[in-house]
Amino acid sequence: MDWQREWKPLALIVVVFLAVYHLPVGIPRFDNAIQEALELVRWYAREHVLLCLIPAFFIAGAIAVFVSQASVLKYLGAGANKVLAYGVASVSGTVLAVCSCTVLPLFAGIYRMGAGLGPAAAFLYAGPAINVLAIVLTARVLGAEMGIARAVAAIAFSVVIGLAMHWIYRKEEREKQLAQAAQPQEESSRPLWQNALFFGAMIGILVFANWGGGEGGGFWSLVAVYRWWLTGLFALLLGIMLMFWFGLPKGQVLLAGAPPLLLALFFPGQPTLAFIAGVIGLSLLLSRREDENGTWFKESWDFAKQILPLLLLGVLVAGLLLGRPGQEGLIPSEWVSRAVGANSLGANFFASLVGAFMYFATLTEIPILQGLIGNGMHKGPALALLLAGPALSLPNMLVIRSLIGTQKTVIFVTLVVVMATISGLLYGTFF
């Protein structure tokens, strides 16, 4: 037996065995943390996999197939105009009302197509951080100054983080730019306006299927009331485009659209059923083809295989450690409340770090912050958590690592946490 080779598997087996042998089963906090982890991952599967991630996977797959690499390089490539590239990336969140997990397939799509690390990192932060609805609700619930500070800081963050990532890896980006310049420039087979409307329809489905903010009246509540009608309208437009622009047989598209329509009519109180039927119909329609539409499904499926297992694992671990909003995991919530009661450097860093590892679904950070502020949280750490929390999470980090590597992930997370800490400290000092 060659123990120089076998000691690592043996050590792993021993560690796992000791961990299982000494599991604190029966201790209330541990048992509750297990329950919270399972509750959180079940909630995530029900609320986010179907309505958020599946549309995002289809969008990411479509980016890989229908968007020409020349277009990506022109607007987001390593050699693209900096003002244009970072401008596009930094305001993306105003359109994409997504969480830190839903943005990942989209990030993977543009990065795989050749987007520079800087613009891609700016997009990765901006997607979940600069959600116009979240900014409005932050101002309404937590005060106008908090809403303005969040909006301004988040836009600035995305640009600064992107520029910092580009500068740190400038040699690698320069080599990528030279390699991209030598590649033949292939244009899209469809006009830009057709592709824009096609992606607009899919983004519309993603945004309105997950629309929140139904409380308090006003325009946002009105949209929430009719969100499924709007989702259905965008789905109808997508079907029309697939028939007339993408060459799918009209009979097959109509056949795939019939079950969602019937379920929507007979079960109006359960719109998710119609949504699932639509996804299944589109998948069956695309997966059997050998043309670019079949490649679209294959790319989407590849993204799902790579990303979804890591996300579910990350959500499970996050639930185990921190619990669900309003509930506790292994880490007592009173520790968090006690640590962020002042506007110190440590309090802001702690809020940024905890926010970075917690999972926040879109808009849930606002009521959580409202409760923490009511329990004594200072406004500085509150802003720090708002800037780090929605953009990062443990599942988010696991997937980013699989896409860009451990070192780049650590640097990206460090930049977010450090900048959130400094911003919270400055905000708490002056306000």
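A short tour of the structure in this document, coming up. (Residues numbered from 1 in each chain as written. Predicted model: local features only at pLDDT ≥ 70, side-chain atom pairs only at ≥ 80, totals over all residues. Heavy atoms only, no water.)

### Points about the pattern of salt bridges
This model, assessed by the stated rule, comprises eight salt bridges. As a salt-bridge pair, Glu 173 and Lys 176 come within 3.4 Å of each other at their nearest N and O atoms. With Glu 173 and Lys 176 both in helix α9 (residues 170-181) and three residues apart, this pair spans about one turn of that helix. Each member of the pair, Glu 173 together with Lys 176, is buried. The shortest N-O distance in the salt bridge between Lys 298 and Asp 302 comes to 3.3 Å. With Lys 298 and Asp 302 both in helix α15 (residues 292-322), this residue pair falls four residues apart, about one helical turn. One network of salt bridges, in which partners are shared, links Lys 298, Asp 302 and Lys 305. (Salt bridge = Lys/Arg side-chain N within 4 Å of Asp/Glu carboxyl O. Helix = DSSP H or I, 4+ residues; strand = E, 2+ residues; numbered from the N terminus. Buried < 20%, exposed > 50% of the residue type's maximum accessible area, 1.4 Å probe, protein only.)

### Quick word on the packing of helix α5 (residues 103-112) against α15
One can describe the packing of α5 onto α15 by two numbers: an axis separation of 10 Å at closest approach and a directional angle of 130°. Considering their axes alone, α5 and α15 lie oblique with respect to each other. Seen from above, α5 lies across α15 with right-handed handedness. Within the contact between the two elements, α5 uses Leu 104, Pro 105, Ala 108, Gly 109 and Arg 112 and α15 uses Glu 299, Phe 303, Gln 306, Ile 307 and Leu 311. For the contact of α5 with α15, the residue count by class is six nonpolar, two polar and two charged. (Axes fitted to C-alpha atoms, helices over the stretch in contact; angles between N-to-C directions. Parallel < 35°, antiparallel > 145°, perpendicular 65-115°, else oblique. Left-handed = near helix turned anticlockwise from the far one by under 90°. Contact = heavy atoms within 4.5 Å. Nonpolar A, V, L, I, M, F, W, Y, C, P; charged D, E, K, R; others polar.)

### Observations regarding the packing of aromatic side chains
A full pass over the atoms with the stated rule returns 14 aromatic pairs. Between Tyr 125 and Phe 157, the aromatic rings sit 5.8 Å apart at their centres with planes inclined by 45°, giving tilted as the arrangement. Of the two residues, Tyr 125 is situated in helix α6 (residues 117-129) and Phe 157 in helix α8 (residues 144-168); the sequence distance between them amounts to 32 residues. We note that Tyr 125, like Phe 157, is buried. Between the aromatic rings of Phe 198 and Trp 296, the centroid separation amounts to 5.5 Å while the plane-to-plane angle is 75°, which identifies the pairing as edge-to-face. In this pair, Phe 198 is assigned in helix α10 (residues 192-209) and Trp 296 in helix α15, connecting sequence segments 98 residues apart. Grouping aromatic residues by their ring pairs yields a cluster made of Phe 58, Phe 66, Phe 198, Phe 199, Phe 246 and Trp 296. The side chain of Arg 170 reaches across the aromatic face of Trp 167, ending 4.2 Å from its centre. Sitting over the ring of Tyr 169, Lys 408 keeps its end group 4.6 Å from the ring centre. (Phe/Tyr/Trp six-rings, centres within 6.5 Å; stacked < 30°, edge-to-face > 60°. Lys NZ or Arg CZ within 6 Å of the ring centre and 35° of its normal.)

### A word on the side chain of Ser 300
Topologically, Ser 300 is positioned in helix α15. For Ser 300, a relative accessible area of 4% gives the class buried. A distance of 2.9 Å separates a polar side-chain atom of Ser 300 from the backbone oxygen of Trp 296. Contact partners of Ser 300, with chain neighbours within four places excluded, come to Phe 57, Phe 58 and Gly 61. (Polar contact = N/O pair within 3.5 Å; in protein donor to acceptor, adjacent residues only side chain to side chain.)

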